[in-house]
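Each chain is listed here by its residues.
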Amino acid sequence: MDSTAIYYWLIVIGIPLAVYFFRKWLKESKRRKLYRNDFPQEWKQILTNHFKLYQHLPDDLKKQLHGHINIFLDEKNFVGYQGIEINDTIRITIAAQACLLLLNRKTNYYPHLTNILVYPTVFTHKNHDGELHRGRLGESWHRGPIVLSWQHSSQGGKNSADGENVVMHEFAHQLDQENGPSDGLPILQHNNIKQWSSVLGKEFKTLKFKIQKREQTLLDEYGATNPAEFFAVITEHFVEQPRQMLKKHPELYEELRKYYQINPVEWT
Ligand SMILES: [Zn+2]
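Just so we're clear, the structure is a prediction, and the values are computed from it rather than from any experiment. (Residues numbered from 1 in each chain as written. Predicted model: local features only at pLDDT ≥ 70, side-chain atom pairs only at ≥ 80, totals over all residues. Heavy atoms only, no water.)

Draft legend 1. Inspection of the environment of L100 at higher detail. Following the sequence through the fold, L100 ends up in the loop between α4 (88-99) and β2 (115-119). Residues L100 and L73 lie 27 residues apart in sequence; the distance between their C-alpha atoms is 14 Å. Filtering out sequence-adjacent residues up to four positions away, L100 remains in contact with F51, L53, L57, L65, M168, V239, I262 and W267. (Helix = DSSP H or I, 4+ residues; strand = E, 2+ residues; numbered from the N terminus. Contact = heavy atoms within 4.5 Å.)

Now the structure itself:
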C-alpha cells in the first residue's frame, strides 16, 4: 500500500472513528458529572409526595435514583399536549418511575428515546401511518416517543401496590425495543437466555390459557396479548406486587430479579 492509500484510509476510517470516540467520551464524562450533581431538596419533596415507592427504597438506591434522574432530565425532552404545562412535578414523577428500572445495572438511559409527550388524561394519538389510537393511557413507539396520560402516570406513582403502572409499562417496552423489535426479549446482562425464554414462554402460555378459561389471575390479562405486552405487564407486577408474584410465580420473579438487579420484596 503506498502512502497516498494510507492517507486516504486514515481520512475515510480514522477521522469518523476518532469523532465517534470523542463524542462518546464527552457524553460519558457529562453523564458522570450529572450523576454526581446535587439533587435539589424540592425534587426530593416531589418524590416523597408523588412517588410512593421512593420512601421505601434503601439509601443507596435512592442515591442511584437521584443520579439517574439528573441524567434522564438532561437527555430527554418533555412536551405537553392539550394545554398541559410541563413542570418539575411532571418531569420528576415520570423520570423517577422510568429510572427505577435502571438501578443496579449498566444502562444507556433509553438510548432510542428523546421525546416524552404528556397529555392531561386518556388521549387519542395518531401513529406513523396516520391511524388513530383512541382512549390510550400510554404508548411507546419503536425508536420514537413515549406518550403518557399525566393523570394515570400520577396515579401510578402514588399507588404503588395495585400492579398497575403505566410509566413502567411503557419504559419496559423501550427496554425491550433496545435490541430490535418488541418481542419480550430485552438485552439480557445477567440472565441465561434459554432459562429466560423457557420461564417467560411457559408463564405466557399459562396466562393465555387461564384468561381463555376465565380463571382469576394475579397477572393482568392484557399480558396475554403478546410476549411484548407480557414483559411490560410482569414488570408492573414485579415492582408493585413483589410478594404476590414471588408466591404465585417464583420462577418469573427470579428471572425479573436477575434482569432488573433489584429485589422489591425487600422494600416493604
Ligand atoms: Zn404495552
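Draft legend 2. View of helix α5 (residues 150-158). Considered for burial, the residues of α5 that qualify are W150, H152, S153, S154, G156 and G157. Against α2 (41-50), α4, β2, β6 (146-149), α6 (166-177) and α8 (227-240) lie the buried residues of α5. (Buried < 20%, exposed > 50% of the residue type's maximum accessible area, 1.4 Å probe, protein only.)

Draft legend 3. A look at the domain arrangement of the protein. Per the domain assignment, the segments of the protein are domain 1 (19-182) and domain 2 (187-268). Averaged C-alpha coordinates put domain 1 and domain 2 at centres separated by 22 Å. Here domain 1 meets domain 2 over a buried area of about 2200 Å², counting both sides, of which 57% is carbon and sulfur. Of all residues in domain 1, the largest losses of buried area upon contact with domain 2 belong to R105, G163 and H169, amounting jointly to 25% of the total for that side. (Domains from an automatic or database assignment. Buried area = accessible area lost by both parts, 1.4 Å probe.)

Draft legend 4. Looking closely at the coordination of the zinc ion. Taken together, the protein donors to the zinc ion comprise H169 (NE2), H173 (NE2), E229 (OE) and E229 (OE), at separations of 2.0 to 2.7 Å. For the zinc ion, the four donor atoms are set out with angles of 52 to 144 degrees between them, so the coordination reads as irregular. Sequence positions of the residues that donate to the zinc ion give the spacing H-x3-H-x55-E. In this pair, H173 sits in helix α6 while E229 sits in helix α8, placing the two residues 56 residues apart along the sequence. The exposure class assigned to E229 is buried, which follows from its relative accessible area of 12%. (Donors = N, O, S within 2.8 Å, 3.2 Å for Na, K, Ca; no water. Tetrahedral: all angles 85-135°; square planar, octahedral: opposite > 155°, others 65-115°.)

Draft legend 5. Region of the structure containing the pattern of salt bridges. Taken as a whole and assessed by the stated rule, the structure comprises seven salt bridges. As a salt-bridge pair, K30 and D74 come within 3.0 Å of each other at their nearest N and O atoms. In this pair, K30 sits in helix α1 (residues 3-36) while D74 sits in helix α3 (residues 59-75), placing the two residues 44 residues apart along the sequence. By relative accessible area, which is 46% here, K30 ends up partly exposed. Note on D74: relative accessible area 38%, which makes it partly exposed. We note a salt bridge from E75 to R31, for which the minimum N-O separation is 2.7 Å. Remark: R31 occurs in helix α1 and E75 occurs in helix α3; sequence separation between them is 44 residues. Residue E75 is classed as partly exposed on the basis of its relative accessible area, which comes to 23%. Given the relative accessible area of 10%, R31 is considered buried. (Salt bridge = Lys/Arg side-chain N within 4 Å of Asp/Glu carboxyl O.)

Draft legend 6. Broad picture of the packing of helix α7 (residues 193-212) against helix α10 (residues 250-260). In contact at an axis separation of 10 Å, α7 and α10 are set at 135 degrees when each is read in the N-to-C sense. Here α10 runs oblique to α7, going by the angle between their axes. Here the hand of the crossing between α7 and α10 comes out left-handed. In this structure, α7 contributes Q195, W196, V199, L200, K202 and E203 to the contact, and α10 contributes E251, L252, E255, L256 and Y259. Class assignment of the residues belonging to the contact of α7 with α10 gives a composition of six nonpolar, one polar and four charged. (Axes fitted to C-alpha atoms, helices over the stretch in contact; angles between N-to-C directions. Parallel < 35°, antiparallel > 145°, perpendicular 65-115°, else oblique. Left-handed = near helix turned anticlockwise from the far one by under 90°. Nonpolar A, V, L, I, M, F, W, Y, C, P; charged D, E, K, R; others polar.)

Draft legend 7. View of α6. The first and last C-alpha atoms of α6 sit 17 Å apart over 12 residues, in line with the 16 Å expected at 1.5 Å per residue. The buried fraction of α6 is high, at 12 of 12 residues. For α6, the set of buried residues is V166, V167, M168, H169, E170, F171, A172, H173, Q174, L175, D176 and Q177. If you check the start of α6, you find a side-chain oxygen 3.2 Å away from the backbone N of V167, and it comes from N165. (Expected span 1.5 Å × (residues − 1). Polar contact = N/O pair within 3.5 Å; in protein donor to acceptor, adjacent residues only side chain to side chain.)

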